[in-house]
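Now for the letters of each chain:
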Amino acid sequence: MRFLLGFARTLVALAMGLWIGGLIFFGAITAAIMFRMTREAGVPDMAPKMVGPMLSRFAIICAVCSVILIAGWVVDGVLSKRSLWWRIQGGLTVIVIALGAYLNFGLLPTVERDQTAVLPLYVRSLSKNPQFTPAETELKARFDDGHHRYNRLAVINMWLLVAALACLMAHSLPVEVGRKASN
């Protein structure tokens, strides 16, 4: 029984780490480097064409991680004392999964749909005096708003995952930790 509990908690921690790491990798490293490199190479429209499919595949990983988070949390609750940390972790997990579903299956497809039409505008916007029609300006603004919203919510989701991981760690500590030895 202790093995199953430890295994469940380990899987949950790994799933959280994979999700957090993926958000950091794509947001802070991959996207930034790809956009800089493609601009320098003179093909600025290539970065969005590469990052979009990577995020779509990452959405599948997030969905698998969501199943692991819920299943592991339930197993943890069945096999151990349902502490306050366990409850908080569960609440954060539900919020993370809901926000992740919205990001990956609601907002991301909408942004990707607009991206095809926006890419030529993006390339034009890099010129000295770009001129846009009102319809193009509206499309670009809608895309930019969706893109910024996705980035902000992904950062919030990452911090919620970190908080849920901290709750898992606090819940997993042995009871003896923090108690003073009595003489």
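All of the points below concern the structure found in this document. (Residues numbered from 1 in each chain as written. Predicted model: local features only at pLDDT ≥ 70, side-chain atom pairs only at ≥ 80, totals over all residues. Heavy atoms only, no water.)

Before going further, it helps to examine the pattern of salt bridges. According to the stated counting rule, one finds seven salt bridges in the structure shown. Between arginine 9 and aspartate 76 there is a salt bridge, with its nearest N and O atoms 2.9 Å apart. Of the two residues, arginine 9 sits in helix H1 (residues 2-40) while aspartate 76 sits in helix H2 (residues 46-79), which places them 67 residues apart along the sequence. With a relative accessible area of 1%, aspartate 76 lands in the buried category. Across the pair aspartate 114 and arginine 142 runs a salt bridge whose closest N-O atoms are separated by 3.0 Å. (Salt bridge = Lys/Arg side-chain N within 4 Å of Asp/Glu carboxyl O. Helix = DSSP H or I, 4+ residues; strand = E, 2+ residues; numbered from the N terminus. Buried < 20%, exposed > 50% of the residue type's maximum accessible area, 1.4 Å probe, protein only.)

A few words now on a nonpolar patch on the surface. Judged by side-chain polarity, Phe3, Leu4, Phe7, Leu11 and Leu14 come together as a nonpolar surface patch covering roughly 540 Å² of accessible area. Locating phenylalanine 3 in the fold gives a position in helix H1. Here phenylalanine 3 falls in the exposed class, since its relative accessible area comes to 68%. (Patch = residues over 30% accessible without salt bridge, like charges linked within 9 Å, V, L, I, M, F, W, Y side chains within 5 Å. Areas by Shrake-Rupley, 256 points an atom, 1.4 Å probe, with all protein chains shown as cover.)

What follows is about the side chain of arginine 9. Take arginine 9: its relative accessible area is 16%, and that puts it in the buried class. Separated by 3.5 Å, the side chains of arginine 9 and serine 80 make a polar contact. Not counting residues up to four positions away in its chain, the partners in contact with arginine 9 are Asp76, Ser80, Leu168, His171 and Ser172. (Polar contact = N/O pair within 3.5 Å; in protein donor to acceptor, adjacent residues only side chain to side chain. Contact = heavy atoms within 4.5 Å.)

Attention now goes to the side chain of histidine 171. Topologically, histidine 171 is positioned in helix H4 (residues 134-172). In this structure, histidine 171 is in contact with Arg9, Asp76, Ser80, Lys81, Ser83, Trp85 and Trp86, ignoring residues within four places of it in sequence.

So, on to H1. In this model, H1 (39 residues) spans 55 Å end to end at C-alpha, consistent with the 57 Å of a helix rising 1.5 Å per residue. At phenylalanine 26, H1 shows its largest kink, close to 35°. Glycine 42 sits one or two residues past H1 and shows a positive phi near 85°. (Expected span 1.5 Å × (residues − 1). Bend = angle between axes of the 7 residues up to and from the residue.)

Between H1 and H4, whose axes approach to 10 Å, the crossing angle comes to 155°. With respect to H4, the element H1 is oriented roughly antiparallel. At the point where H1 passes H4, the crossing takes the left-handed sense. Where H1 approaches H4, its residues Arg9, Val12, Ala13, Met16, Trp19, Ile20, Leu23 and Ile24 are matched on the opposing element by Ala154, Asn157, Met158, Leu161, Val162, Ala164, Leu165, Leu168, Met169, His171 and Ser172. Partitioned by chemical class, the residues of the contact of H1 with H4 number 15 nonpolar, three polar and one charged. (Axes fitted to C-alpha atoms, helices over the stretch in contact; angles between N-to-C directions. Parallel < 35°, antiparallel > 145°, perpendicular 65-115°, else oblique. Left-handed = near helix turned anticlockwise from the far one by under 90°. Nonpolar A, V, L, I, M, F, W, Y, C, P; charged D, E, K, R; others polar.)

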